Amino acid sequence: MDAESEGVQPVEPTTAAASNPETDLGHRRRLFMSQPSTLALRRQQAVCVRRAHKMYGSKKSPNVILDGLNMTVPKGTIYGLLGASGCGKTTLLSCIVGRRRLNSGEIWVLGGRPGSRGSGVPGPRIGYMPQEVALYGEFTMRETLIYFGMIADMSRRDVEDRTEFLLKLLNLPNGSKFVKNLSGGQQRRMSLAAALLHEPELLILDEPTVGVDPVLRQSIWDHLVDITKNGNTTVIITTHYIDECAQAHVIGLLRGGRMLAEESPQLLRQQYSAESLEEVFLKLAVLQNMGKRRRSSIAKEVIDNVTVPAISNPALDLSDEQDNAEISGEFGDNISMTSAIPDPIPTAAVSALPVPPEEDVSVSFCNNQFMSSHHLHAIIWKNFLWMLRNKGSMLFVVGLPILQTFLFCYAIGHDPTGLKLAVANYEMNEEMISKQYCPSIAGCNQTQLSCRYLDMLVRNRSMVMIFTHTDVEATDLVRQGKAWGTLTIANNFTESLTNRIESGRYVDDGTLDASELKLRLDMSDQQIATLLFRDLVDTYYSFVDHQLSDCDINPGIARIPVIYQEPIYGAIIPSFNDFVAPGVILTIIFFLSVAITTGAMLLERNEGMLERSLVAGITGPEILFSLLVTQFTVMFSQCVFALLVVFYFFNTTLMGSIWSVLTMCILSGLCGMSYGFVISCAVDTDRTATYVAMGSFLPNVMLCGIIWPVEGMYPLLRIISKIMPLTKPVESLRSILQRGWGLNEPTVYYGFITITTWAVVFMFLSILLLKFKKG
Ligand SMILES: Nc1ncnc2c1ncn2[C@@H]1O[C@H](COP(=O)(O)OP(=O)(O)OP(=O)(O)O)[C@@H](O)[C@H]1O
């Protein structure tokens, strides 16, 4: 039929020419040269694949799956795609539904190129049942079908009617059962129901009868035969049960990256004088091997054991001297399916059939329109339902930032207390040392001033004194890790200090030396050492202030002539907590959003739902937008709770507007979500996603000025730091919190601009990845 419509005589496989491959080849080449364009014809088929090449792996070590494959699926037929496990059936189907790209070759589906504007492929014209179950376990069967019905823009009434029909047809239990509670076979049938629901023009079923008992298998086949009767529905089906394909109108035998034959099962059995299709497949495989080994000796035992007819089939000849591409181009359009199609369209009528309009085959951003309301409605409904069904996970997700913020506020930024200081105070006697007590006397007196100083030190709770007999003993305690430092006080400290203050410039060296507090610290912990030093010095100033004031002497004479006045911004004793809080808040929100979004996307993708939804016509932007909507609600509550903890429970400094703080946090969450989209679109496995997220977490913390000022970085890193997503926002938030600055300040609005820009860039990148990253 097809060949005639193109003015080409069909080539009967058992003609005399068949016995002479050279003559046959020449004849075919001439026919090929004289053919008019086959484009119109290809577009009349349900599916037409020409010279398809597909490989996995790198160019250096390619794993060729499709090697110049041709396939023709006429409209209104059941096409059984057969082949050994791993021969590339699923790969071919995913190229047909537009989820993978060929390395070269052409695919026409329902008159258009998959993915082209207006082709409807991927989209509602296709019903796709992938090999894996690809359904949400947490949904009931009815909810699952409602979701797919919404995508296909079916009315609720139609969905209900079809649901009743399909549950009955596929012998499925009550629709209120959760998919996860169905048996393996029932889940597969449920998956088939989802593909059949909207009565698509083209049904692509990847092993729909696995795990199905023979009676039910027969009723599925009966249904397929029934729906193809009117010629409006086409079915492509792969199966491991070769003999069930006897009911197909055409079967395609795939091997070695090529179609060995495309014929009706009856004709194939006749041609190859075979009892069963399995026998046909075996003979064709031997023929293909003979072609491959033309110049070598053919495995004798195979030839001995399998009788093969002399049939000319160019697809079986893989020898180098043929121009395979040219031959296959002709061969594919010339298959004779005289008995294949139940109600063949008359030859003359084919040429009279209207040719579908020319299509724009350029890669469009999405298939039909940027976003469709029923798609968005379906996915958002599905996302919220998923959240409702996973309350535990959602509580964890919302609770986690609260927990982390509590942890941060309790664990970070507070001054250490109870630090042990070994004190060799030679003003103390044996009894005092044994009692570990140094009595402090208030008022204007010059008795054991060292004890007064030490008492003040203890009162600020940062230090605990261990009194020793000698400075050597004190040093030993530090060496053993039992104290953070030693303080040595001379036996005439009180007298010397008084003399030093009273004598001023005339004080002698001995007095000066004896009036000094000699400090040796364990500097291995910078924070503790700095704090000890700060407290020892500050307490000394207070001690001198008190002592001199009590004696009516101006304490100014004992102070160093540098005075800390009221700070312009911040507190006089700055809190580390205030410094790191902005960075920590933004980092928690950013990376939790990354984790949640990546998790949601990968869950969807790994369960096959993403693939399935994309084939059903959902576009990348729609998926991202809907996830954005649902994840936003989660992220918003995370921000609100985290800020409540920080400002309400812990009174972290907030000088500026809380609304600016909230907006910055939300933008940081949005940016994290978009970054999460990029990760989940770019990587293939959960593990890689975790590595990427973790891998980017630490550089962010180190380079964004969160724990150390950017001004202290290596100059090159300072430049990198400036363009990191969180650096400017952290600076901005710090200024809002501590300086009380508003959006009119450049430091503040640069932060907002930076985080928004990154969010948009990440979002754009993920749309591109979703669109272009296909197998
Ligand atoms: N994403 C991928 N990356 C690399 N190789 C792949 C990928 N997907 C499939 N393959 C390889 O391509 C070959 C064909 O796989 P495909 O799933 O298409 O076979 P199949 O005929 O559907 O097998 P089965 O009948 O067992 O489902 C296999 O060798 C498989 O390992």
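Owing to the predicted nature of the structure, the values given are computational and were not obtained by experimental measurement.

(A) Layout of the overall build of the protein chain. The number of helices and strands found in the protein chain is 29 helices and 13 strands. If you take every contact in the protein chain between residues at least 6 apart in sequence, the share linking residues at least 24 apart comes to 75%.

(B) Representation of the sheet that holds strand S6 (residues 202-206). As summarised here, the arrangement of the 6 strands in space is S5-S6-S7-S3-S8-S9, forming an open sheet in which the pairing is mixed. In the strand order of this sheet, the two ends are held by strand S5 (126-129) and strand S9 (258-263), each with one partner. Ignoring which end each strand starts from, the neighbouring axes of this sheet average 15 degrees apart. Where strand S3 (residues 78-83) lies against strand S7 (residues 234-238), 4 bridges are found, and the strand directions are parallel. Opposite Tyr79, over in S7, you have Ile236 as the bridge partner. Each of S3, S6, S7 and strand S8 (250-255) is contacted by helix H4 (residues 89-96), which is oriented at about 155 degrees to S6, the strand it contacts most.

(C) Representation of the site of the ligand in the model. Looking at the ligand, there are 13 residues lining it, with Tyr56, Ser85, Lys89, Thr90 and Thr91 nearest. For the shell around the ligand, the secondary-structure elements that each account for two or more residues are strand S2 (62-73) and H4. Top element by residues in the shell around the ligand is H4. It accounts for 3 residues. For the shell around the ligand, the per-class residue count stands at 3 nonpolar, 9 polar and 1 charged.

(D) Quick peek at the sheet that holds strand S1 (residues 47-57). Taken in spatial order, the 3 strands make up an open sheet running S2-S1-S4, and their pairing is antiparallel. Each edge of the open sheet carries a strand with a single partner, namely S2 and strand S4 (104-109). Ignoring strand direction, the axes of neighbouring strands in this sheet form an average angle of 25 degrees. Of the strand pairs in this sheet, S1 and S2 are connected by 9 bridges, and their pairing is antiparallel. Within S2, the residue paired with Val47 across the bridge is Val73. Across the sheet, H4 touches S1, S2 and S4, and the angle it forms with S1 is around 120 degrees.

(E) Molecular detail of the confidence of the model for the protein chain. Summarising the model, the protein chain shows a mean pLDDT of 82, and 84% of its residues fall at 70 or more. Confidence scores differ between elements of the protein chain, with helix H12 (residues 324-333) showing the lowest mean pLDDT of 35 and helix H18 (residues 471-479) the highest of 97. Within the model, pLDDT remains below 50 along residues 1-37, and this stretch shows 59 contacts once partners closer than five positions in the same chain are excluded.

(F) Structural view of the environment of Leu627. Inspection of the secondary structure puts Leu627 in helix H24 (residues 620-649). For Leu627, a count of 22 C-beta atoms within 10 Å corresponds to the buried category. In the structure, Leu627 is positioned 524 residues away from Asn103 in sequence and 32 Å away in space, judged by C-alpha atoms.

(G) Structural context of the UniProt feature "transmembrane region" (unreviewed entry) in the protein chain. Following the UniProt record, the feature "transmembrane region" (unreviewed entry) maps to residues 579-603, 624-650, 656-678, 690-708 and 748-770 here. Along residues 579-603, the helical share is 100% and the strand share 0%, with 37 Å between the first and last C-alpha atoms. When the span residues 690-708 is considered, its composition is 74% helix and 0% strand, and the gap between its end C-alpha atoms is 26 Å.

(H) Looking closely at the packing of helix H14 (residues 373-389) against H24. Relative to each other, H14 and H24 sit at 40 degrees, their axes nearing to 9 Å. Between H14 and H24, the angle is such that the two are oblique. The two elements H14 and H24 cross, and the hand of that crossing is right-handed. Here H14 contributes His375, Leu376, Ile379, Ile380, Asn383, Phe384 and Met387 to the contact with H24, which in turn contributes Glu622, Ile623, Phe625, Ser626, Leu627, Val629 and Thr630.

(I) Fine view of the pairing of strand S12 (residues 485-489). Where burial is concerned, most of S12 is hidden: 5 out of the 5 residues are buried. Covered by surrounding structure in S12 are Gly485, Leu487 and Ile489 together with Thr486 and Thr488, the residues of both alternating faces. As judged from the 5 bridges shared by strand S10 (residues 419-425) and S12, these two strands associate in the parallel manner. In the sheet register, Val423 faces S12, and the bridge partner there is Leu487. Sheet topology places S12 next to strand S13 (residues 518-521); 4 bridges connect them, and they run antiparallel. The residue of S13 that forms the bridge with Thr486 is Arg520.

(J) Here's a closer look at helix H22 (residues 576-606). Across its 31 residues, H22 extends 43 Å between first and last C-alpha, which sits within 8% of the 45 Å expected from 1.5 Å per residue. Along H22, the largest kink reaches about 30 degrees and is centred on Pro582. Along H22, 23 of the 31 residues are buried, which leaves the element largely enclosed by surrounding structure.

(K) Structural detail: unusual backbone geometry. The backbone of Arg51 shows a phi angle near 45 degrees, a positive value even though the residue is not glycine. With respect to the element layout, Arg51 can be found in strand S1. Even without a glycine there, the phi angle at Asp552 is positive, about 55 degrees. You can see Asp552 is positioned in the loop between helix H21 (526-550) and H22.

(L) How the structure looks around the packing of helix H25 (residues 658-682) against helix H28 (residues 727-739). Where H25 contacts H28, the two axes come as close as 10 Å, and the packing angle between them is 165 degrees. Classified by the interaxial angle, the pair formed by H25 and H28 is roughly antiparallel. In this structure, the crossing between H25 and H28 has a hand that is left-handed. Residues Ser660, Val661, Met664 and Ser668 of H25 form the contact with H28, whose own contacting residues are Pro729, Ser732, Leu733, Ile736 and Leu737. Its residues assigned to classes, the contact of H25 with H28 shows 6 nonpolar, 3 polar and no charged.

Criteria and thresholds
- Residues numbered from 1 in each chain as written.
- Predicted model: local features only at pLDDT ≥ 70, side-chain atom pairs only at ≥ 80, totals over all residues.
- Helix = DSSP H or I, 4+ residues; strand = E, 2+ residues; numbered from the N terminus.
- Contact = placed C-beta atoms within 7 Å.
- Pairing = 2+ DSSP bridges.
- Axes fitted to C-alpha atoms, helices over the stretch in contact; angles between N-to-C directions.
- Near = placed C-beta within 6 Å.
- Nonpolar A, V, L, I, M, F, W, Y, C, P; charged D, E, K, R; others polar.
- pLDDT = per-residue confidence, 0-100.
- Buried ≥ 20, exposed ≤ 12 C-beta atoms within 10 Å, placed from the backbone.
- UniProt positions renumbered as here; feature names shortened; annotations may be inferred.
- Parallel < 35°, antiparallel > 145°, perpendicular 65-115°, else oblique.
- Left-handed = near helix turned anticlockwise from the far one by under 90°.
- Expected span 1.5 Å × (residues − 1).
- Bend = angle between axes of the 7 residues up to and from the residue.

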